[in-house]
Structures are given as C-alpha cells and as structure tokens.
Amino acid sequence: MSEKLIELKNVTFTYDGDDEEEKRQSALTDIDLTINKGEFVAVLGHNGSGKSTLAKLCNAVYEPTEGTVTVKGIVSGSEENDDKIRRVVGMVFQNPDNQIVATIVEDDVAFGPENLGIEPKEIRKRVDDALKSVNMYELRHREPHKLSGGQKQRVAIAGIIAMQTGCIVLDEPTAMLDPRGRREVFDTVRRLNREMGITVLFVTHFMDEAVKADRVIIIDSGRLCLDGTPREVFSKTDVLRRCGLDVPQSTELCHRLIEKGIDLPGDILDADECVEALSKIMEVSR
C-alpha cells in the first residue's frame, strides 16, 4: 500500500489583489491531490495555470486560502508546522542564482544543514555525499558564479539533499537552461528518485521531461484537469489541446496517422515506440 506524503484537500488559493476584481481571481480552485512517497510526479500547465502556486503550497511557501495541505501528517498554516514541513519537503526554484548564498560550492550546500543545527562532522559528511550524488564533488571548491546554469541547479539540488528532506519540489528548474543543462538536471533528479527513493514533484513545460515521470498532473485555469500515467494523460490529445498544451511529437504524429486511417496505438509516447509501431505496419504491408 502506498504511503501518503503530501495531501491537498479542497484547496483554493487566492492572491491578494489591489482591487475587488483581482481579489476574486483564484490561482487554484478546489484541488484534491495526493502525492505518495517515492513517486516522480510531473506537473504541466500553460503560463498562469497555477502549477507554480501548487508547488509552493506543497513546501508551505504559501498557505491555502481554503482547504488543507498536509505533509507527512503535518497541517500547514502555523510557523512551527511550516518549519517542520520544510524539513520534509525541499524546494528548488527556476533561477538557481536566487538560491545560491555562499561564495564556495561546498559552503552553499552546507548552508541548509547549518541552519538546522546539525553538528559539523555530520554536515561535512552530508555535504560530500550530496555533492557526489549530483556529480559535483570535484567542483566543491569552485565559486558558484563560475558554474554553468545546469551545474548551479545541481548545487541547489545538493543543498536540499544535504538537508535530507526526502522530497524535492522543483519549480521549472530547467526553464532557463540550454538543452545540455536541462538534460543534466533532469537526469540527476530522476536518478535521485530511482536510486535514493526521493519523492519528486517536478513542475515543467517540457513534454519530453513529463513523459519520463511516473505520473503526470495537468493544471488548467487553477483546476486539476488530468491525473494519470504519462501514457494515460498524453493519449487524451483533445483535452491537452483545450488546456493550451502540446503533446509529445511522436504522439502527435501517430494521432495524425490514426486520423488518416492507419492502425496505430493511441498511447505512443516517444520516438522509439513510434518507430517500432511504424516498422510493424510496414512489415505487415509488404
């Protein structure tokens, strides 16, 4: 049986606006969602859909206007509980420069554990282990501003690992990176999930990242639109288009061929599956 880690019940979040009309606009409305321990969950949605707000609620950066957010049995909403939640759920933001606070890589990774009051010997071990886990140990004495964008994000992730939170929420961590940096960061996070069992909530707008998750959540206009495996979610191309989202290119190609009468599976996710399915059809037609 799956162990619940994060649970949102009837959650609505409304930003404080300058006028009455803005105050009535909710970023999220009536969200019911459970994230289980060890899952890798991708969150998709167009700009302004509410996906970043959802991420910040899970880390107690925001408090719900209505409903409850519970993390490992702890209900957010008080300073004491929010501090406890942040020891369970770490957060990595879009711009790594906003999270780097020290002038040396290893000092930056040590910052979180030091604030938790961990003893120096344990901090040293955590920092070394965390940097090794994201393949940044050899650069531990480097100045962060001399790193690439992908390397900076890996340092930010190492800082969360060193706090031993057990869950990482990443708010579009690859949005500002080049393709190589994107791949470095995503592969690192996926490996941490697979090898260390770290629970991951990964907010992204890149379909090629979402298809590799265990589960995909679609947020549209502040509401939960779809929730399922990548195969289940991306097979619903009409719903995705209504939400203002693209579908993986291989899925789009297969659906267009299906519309032309070609007998292909409707749940193809990537190029390898597409090539295999088309190859079978060509063999049959020979």
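Refer to the structure presented above.
Bear in mind that the values here come from a model prediction, so they are computed numbers and not experimental data.

Hydrogen bonds between backbone atoms are what pair the strands of a sheet, whose relative direction is either parallel or antiparallel. The strand order across the open sheet formed by six strands is 6-7-8-3-9-10, and the pairing between neighbours is mixed. Whereas interior strands pair on both sides, the edge strands pair on one side only; in this sheet they are strand 6 (89-92) and strand 10 (223-228). Across the sheet, the mean angle separating the axes of adjacent strands is 20° when strand polarity is ignored. Pairing between strand 3 (residues 40-44) and strand 9 (residues 215-220): four bridges, direction parallel. Across the sheet, V43 pairs through a bridge with I217, a residue of strand 9. Running over the sheet, helix 6 (residues 149-162) touches strand 6 and strand 7 (167-171) and is turned about 165° from strand 6.

So, about the nonpolar core. The biggest cluster of nonpolar side chains holds 47 residues, and the ones touching the most others in it are I157, I218 and F234. Residue contributions to this core peak at seven residues, all from helix 6. Setting aside its immediate chain neighbours within four residues, F234 contacts L44, M207, A210, V211, V216, L240, P248, T251 and L269.

Within an α-helix, residues lying three or four positions from one another point in the same direction, as the helix has 3.6 residues per turn. An ideal rise of 1.5 Å per residue puts 26 Å on 18 residues; helix 7 (residues 179-196) measures up with 25 Å between its terminal C-alpha atoms. When helix 7 is considered as a whole, its buried residues turn out to be G181, R182, E184, V185, F186, T188, V189, L192 and N193. Where helix 7 is buried, its residues touch strand 3, helix 5 (120-133), helix 6, strand 7, strand 8 (199-203) and helix 8 (207-210). Directly beyond the C-terminal end of helix 7, a positive phi value near 75° is found at G197.

Rules used in this analysis
Every chain's residues receive numbers from 1 upward, in the order its sequence appears when written. Two thresholds apply to this predicted model, a pLDDT of at least 70 for residue-level local features and 80 or more for giving and counting side-chain atom pairs, whereas whole-chain, interface and lining totals are computed over all residues. The basis for the side-chain values is all heavy atoms of the structure; hydrogens and waters are excluded. Strand pairing is defined by DSSP finding a minimum of two bridges between the two strands. Here a strand is any run of E in DSSP of at least two residues, a helix any run of H or I of at least four, and the numbering for each starts at the N terminus. Angles shown run from 0 to 180 degrees and are taken between the N-to-C directions of axes, each axis being a line fitted to C-alpha atoms and, for helices, limited to the stretch in contact. Here, two residues are considered to be in contact whenever any of their heavy atoms come within 4.5 Å of each other. Side-chain atoms within 4.5 Å link the members of a nonpolar core, which is a set of buried Ala, Val, Leu, Ile, Met, Phe, Trp, Tyr and Cys residues. Classification of residues uses two cut-offs on accessible area relative to the type maximum, computed with a 1.4 Å probe and protein chains only: under 20% is buried, over 50% is exposed, and between them is partly exposed. In this analysis, the expected span of each helix is defined as 1.5 Å times one less than the number of residues it contains.

Nothing here speaks to function; it is all geometry.
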